[in-house]
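# Fold and geometry: a report
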Amino acid sequence: MSDVAMFSIQIISGSIPQGLYELRREIYSIEKKFLKEENLICEEDYLGQHICVYHGEKLIASMFGIDAQKSPFPAYTRLPVSDLKDCYYSTRGVIHRDYRSRYNLWTLITYLTFLTGIKLGFINNVSLFENKAFVELIMDVEWMENIPRILVDGIDTQYEVMPAIVNLCYGCESAWELLDQDIKSILTAQNFRIPNTTTTELA
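Below or above, wherever it landed, is the structure these notes cover.

Let us now look at the side chain of H96. Within the fold, H96 resides in the loop between β4 (87-95) and α3 (105-119). Within the structure, the side chain of H96 is placed 3.1 Å from the backbone nitrogen of D98, a separation counted as a polar contact. If we ignore the near neighbours within four places in the chain, the residues touching H96 are L23, K58, L59 and I60.

The next thing to look at is the pattern of salt bridges. All chains considered together, the criterion is met by 8 salt bridges. The partner of E31 in a salt bridge is R100, and the shortest N-O contact between them spans 2.7 Å. With E31 in helix α1 (residues 20-31) and R100 in the loop between β4 and α3, the pair connects residues that are 69 residues apart, well separated along the chain. For E31, a relative accessible area of 33% corresponds to the partly exposed category.

Among the 10 residues of strand β8 (residues 158-167), 8 are classified as buried, and the element is accordingly described as predominantly covered. Looking at chain direction, strand β5 (residues 124-129) and β8 are connected through 6 bridges and run antiparallel. Following the sheet pairing, N124 is matched in β8 by N167. Relative to β8, strand β6 (residues 142-143) is paired through 2 bridges, and the arrangement is antiparallel. Of the residues in β8, the one forming a bridge with W143 is A164.

Quick look at the environment of R97 now. Within the secondary structure, R97 sits in the loop between β4 and α3. Residues R97 and G14, spaced 83 residues apart in sequence, show a C-alpha to C-alpha distance of 26 Å. Discounting chain neighbours no more than four positions away, the residues touching R97 are E26 and E31. A polar contact of 3.1 Å, which involves the side chain of R97, links it to the side chain of E26.

It is worth spelling out the packing of α3 against helix α5 (residues 168-178) at this point. Two elements in contact, α3 and α5, have axes separated by 9 Å at closest approach and are oriented at 150 degrees. In terms of their interaxial angle, α3 and α5 are classed as roughly antiparallel. Our pair here, α3 against α5, has a crossing hand that is left-handed. Contact residues: T107, Y111, F114, L115, G117 and I118 in α3; L168, C169, G171, C172, A175, W176 and L178 in α5. Grouping the constituent residues of the contact of α3 with α5 by class yields 10 nonpolar, 3 polar and no charged.

On to unusual backbone geometry, then. Positive phi is not limited to glycine here, since R78 has a value of about 65 degrees. Given the relative accessible area of 68%, R78 is considered exposed. Phi is positive for R92, which is not a glycine, with a value near 50 degrees. Position of R92 among the secondary structure elements: in strand β4. We classify R92 as buried; its relative accessible area is 18%.

Below, the discussion takes up helix α6 (residues 181-189). Buried within α6 we find I183, K184, I186 and L187. Buried positions in α6, seen along its axis, are confined to an arc of 160 degrees and lie on one side of it. Of the residues in α6, the exposed ones pointing more than 90 degrees away from the buried face are Q181 and A189. Those residues of α6 that are buried are in contact with β1 (7-13), α3 and α5. N191 sits one or two residues past α6 and shows a positive phi near 65 degrees.

Calculation criteria
Residues numbered from 1 in each chain as written. Predicted model: local features only at pLDDT ≥ 70, side-chain atom pairs only at ≥ 80, totals over all residues. Heavy atoms only, no water. Helix = DSSP H or I, 4+ residues; strand = E, 2+ residues; numbered from the N terminus. Polar contact = N/O pair within 3.5 Å; in protein donor to acceptor, adjacent residues only side chain to side chain. Contact = heavy atoms within 4.5 Å. Salt bridge = Lys/Arg side-chain N within 4 Å of Asp/Glu carboxyl O. Buried < 20%, exposed > 50% of the residue type's maximum accessible area, 1.4 Å probe, protein only. Pairing = 2+ DSSP bridges. Axes fitted to C-alpha atoms, helices over the stretch in contact; angles between N-to-C directions. Parallel < 35°, antiparallel > 145°, perpendicular 65-115°, else oblique. Left-handed = near helix turned anticlockwise from the far one by under 90°. Nonpolar A, V, L, I, M, F, W, Y, C, P; charged D, E, K, R; others polar. Arc of directions from axis to C-beta.

So this is what it looks like as structure tokens:
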């Protein structure tokens, strides 16, 4: 049995997934020093969707999605909440250190998060990114350059994040094209495929 055959995907709402705190702590507190341990889990984590990829019982990739109008995105960007109607906000993507060079997990977790947004009825995705070049390896996004510079307090210093928006259907299809065939087979078998009614037009 290949390692990929042991992958399972879970979309979890209303509770904290097994292994999430530990994975976020390893990446966001210890490695990147973005978040203090008391901020690794917040109230929003109970209001949106945790998109999780497990290898056996180990959580190896996770991203969080939530209605952008209920997210921190308006506060960070100073955009009116009404401007974010039909927008899904994705954040806190993490990949287990032992799996970063395998399976194209960033693309997979992006695909799954965007697919979740589509199934919930959202049209666009908004996010805050720290690395433009890395994002553009997966897909083209519209950088919201008219928004004032956003600096976030980390553990030792501030770091900058850049807001972007992308059509969920376009982003989902772009990510799908980059996935390996064995991953596509698992997604198809577990019913994680793009609905036939999607379009590829950038909103």
